[in-house]
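Remarks on the overall topology
Residues per chain, in single letters:
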Amino acid sequence: MNVKEHIHNVLEQVIKRNPGELEFHQAVKEVLETLEPVMSRRPEYVEANILGRVVEPERVIIFRVPWQDDRGKVHVSRGFRVQFNSSLGPYKGGIRFHPSVTQGIIKFLGFEQIFKNSLTTMPLGGGKGGSDFDPKFKSEPEIMRFCQSFMTELQRHIGADTDVPAGDIGVGAREVGFMFGQYKRLQNEFTGVLTGKRINWGGSLIRPEATGYGAVYFAQEMLKAKNDNIEGKTCVVSGSGNVAQHTAEKLIELGARVVSLSDSDGAIYDPAGIDLEKLRFVMQLKSIHGGRIREYAERFKGVEYLQGSRPWIIECDCAFPSATQNEISLADAQVMCANGCRLICEGANMPTEPGAINLALSSGGLFGPSKAANAGGVAVSALEMSQNSMRLKWSREEVDQKLQNIMKAIHIQCVEAAEEYGMEGNLVAGANIAGFVRVADAMLDQGVV
Ligand code: NDP
Ligand code: 2IT
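Quick notes on the rules
Residues numbered from 1 in each chain as written. Chains lettered and ligands numbered in written order. Predicted model: local features only at pLDDT ≥ 70, side-chain atom pairs only at ≥ 80, totals over all residues. Heavy atoms only, no water. Core = buried A, V, L, I, M, F, W, Y, C linked by side-chain atoms within 4.5 Å. Buried < 20%, exposed > 50% of the residue type's maximum accessible area, 1.4 Å probe, protein only. Contact = heavy atoms within 4.5 Å. Near = heavy atom within 4 Å. Polar contact = N/O pair within 3.5 Å; in protein donor to acceptor, adjacent residues only side chain to side chain. Areas by Shrake-Rupley, 256 points an atom, 1.4 Å probe, with all protein chains shown as cover. Nonpolar A, V, L, I, M, F, W, Y, C, P; charged D, E, K, R; others polar. Salt bridge = Lys/Arg side-chain N within 4 Å of Asp/Glu carboxyl O. Axes fitted to C-alpha atoms, helices over the stretch in contact; angles between N-to-C directions. Helix = DSSP H or I, 4+ residues; strand = E, 2+ residues; numbered from the N terminus. Parallel < 35°, antiparallel > 145°, perpendicular 65-115°, else oblique. 1 Å grid on protein atoms, 1.4 Å probe; cavity = no way out; pocket = protein on both sides within 12 Å on 5 of 7 lines; lining within 4 Å. Points joined across faces, edges and corners; volume = space filled by probe spheres on them.

Some remarks on the nonpolar core
Counting residues in each nonpolar core, the largest one holds 98 residues, and the members touching the most others are F111, F320 and F436. Residues in contact with F436, not counting those within four places in the same chain, are L35, M39, Y45, I50, L51, V54 and F115. One finds V65, F133, M151 and I158 within the second-largest nonpolar core, a separate group that totals 22 residues.

Re the site of ligand 1
The environment of ligand 1 is made up of 26 residues, and the closest members are D168, T211, N242, S264 and N349. Separating an oxygen atom of ligand 1 from a backbone N or O atom of N242 is a distance of 2.9 Å. Between ligand 1 and K286, the relevant distance is 3.4 Å, taken from an oxygen atom to a side-chain nitrogen or oxygen of the residue. Considering ligand 1 on its own, with 890 Å² of exposed area, one finds that the protein chains cover 84% of that surface. A class-by-class count of the residues in the shell around ligand 1 yields four nonpolar, 14 polar and eight charged.

Overview of the pattern of salt bridges
Overall, the coordinates contain 27 salt bridges when judged by the stated rule. A salt bridge links R156 to E153; the nearest nitrogen and oxygen atoms lie 3.1 Å apart. Taking relative accessible area as the criterion, R156 reaches 55% and is therefore assigned exposed. We note a salt bridge from R174 to E175, for which the minimum N-O separation is 3.2 Å. Its relative accessible area of 23% is what places R174 among the partly exposed residues. E175 gets classed as buried once you look at its relative accessible area, which sits at 2%. Residues joined by salt bridges that share partners form a network here, namely D263, D265, K286 and R292.

Looking at the packing of helix α2 (residues 22-34) against helix α6 (residues 103-119)
The contact between α2 and α6 brings their axes to 7 Å, and the two run at 25°. Classified by the angle between their axes, α2 and α6 sit roughly parallel to one another. Seen from α2, the contacting residues are E23, F24, A27, V28 and V31; seen from α6, they are G104, I105, K107, F108, F111, E112 and F115. Of the residues contributing to the contact of α2 with α6, the split by class is eight nonpolar, one polar and three charged.

What about the site of ligand 2?
Neighbouring ligand 2 are 14 residues, the closest being K92, K116, D168, R207 and S381. K116 is positioned such that a nitrogen or oxygen atom in its side chain is 2.7 Å from an oxygen atom of ligand 2. Of all elements in the fold, only β3 (91-97), α6 and α16 (376-390) reach the threshold of two or more residues within the shell around ligand 2. When the residues that make up the shell around ligand 2 are grouped by side-chain class, the tally is two nonpolar, seven polar and five charged.

A few points about the side chain of K107
Structurally, the position occupied by K107 is in helix α6. K107 gets classed as buried once you look at its relative accessible area, which sits at 5%. Among the polar contacts made by the side chain of K107, one reaches the side chain of E21 at a distance of 2.8 Å. Ignoring sequence-local partners within four residues, the contact set of K107 consists of N18, E21, F24, P57, V82 and F84.

Here we look at the layout of surface pockets
The computed volume of the second largest pocket comes to approximately 380 Å³. Along the wall of the second largest pocket there are 20 residues; nearest its centre are G192, M385, Q387, N388 and S389. Along the lines of polarity and charge, the residues of the lining of the second largest pocket split into seven nonpolar, nine polar and four charged.

Details of the environment of P135
In this fold, P135 is placed in the loop between β4 (126-131) and α7 (140-154). Placed 35 residues apart in sequence, P135 and G170 show a C-alpha to C-alpha distance of 6.5 Å. Excluding residues that lie within four positions of it along the chain, P135 makes contacts with F97, I143, G170 and H289.

Listed below in structure tokens is the structure:
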């Protein structure tokens, strides 16, 4: 069988076996399509059916999460943990609480996580979890009861050397704290079973900042390769949560002009630029589940609120999608290109639709794919695990320096893998190939498991 046919067959199987899981199909298709030159050069991968195995999660856990609201009403949410691939280490990946969460969403995220974690070169397998619970406008006691109920089931499946969850959309240090507390109570064990913990009880400095800072460090590397720099560039950032806030913070620090943030209701356009003081306001606003970015436009002068709109209509040099999947459509990308946007760096997971990626790549712009560009978060999670195991704590400067080195190394890997396989400048292919080869080699070494 030729390689093209092999890839086609695996993809067909994925679509047939996982009906309706469109985001999962999309993520698998993007990776598999870029692997053709690798599979041609490495027939042992085809022989061992690495592709057929890597698209099938090692384990999918689905569970009932009953919880009571403040009025005593009983609700039932659905919990998921997809333990996708453990060839490089314990399963590792975040937990998402959002009403849009389904098995397909968690599978796409878990699949992406395998290769992202591989790119960090740290000992991390790939996994992801979550629930369709909506934390928006819930009281803190409700969130605590939900987290405890969620962990009451999840605790039997995870562990510091088995599976180490962290945060994602709707899950930050507060939720990690509630889940950690319940895990500790049930297991009678204080271990590094979750990352993204608060700093005074086992968290790592720079973990909250790591995804956003890392994305900006990655963008810097892409620009540096073109003898350019982020300073003075006009930047549009979508989202206003953890990743968006710290992306904006680092951009501002490095002298870029950040003119936009958004949430699921709309976007703000601040032509004067968001400064650190205005950003503090956003951080405060968003520390409560349900805080609306619209309030920024009410609070500061000269700001436009674009109700129901994404920020891609705003003129910019660089775009940092940092909210959610498929938030840049082909039509958005056409507008961005026409407006002179030359760099897209993905802070969110899979925020750019396939057609938009193709346009960005073919128009000669710089494109930093999420697996590579947002790997700083999980990389610092791995540093948190190391610190927990060694029972010590590194300084802010130490962790930040390590993060910068990791992002540089990931960029180099992507550039070199793309070159090696004849797709120079295509970091999407570079990230998929470099991430995949490390996983595939480990799977070969470990036999048919
Ligand atoms: P947060 O919950 O802190 O913030 C999410 C932001 O995105 C909010 O502004 C939210 O708006 C917006 N958003 C969420 N869902 C949608 C939607 N369906 N449509 C429009 N806007 C939406 O999450 P994070 O910042 O942690 O995560 C953002 C992205 O980054 C996700 O793709 C996540 O997977 C990815 N990521 C996160 C990492 C981390 O360390 N936290 C690491 C690597 C990637 P609203 O308030 O209205 O819901
Ligand atoms: O998508 C991601 O990489 C994350 N949500 C962070 C995962 C982690 O384990 O820190």
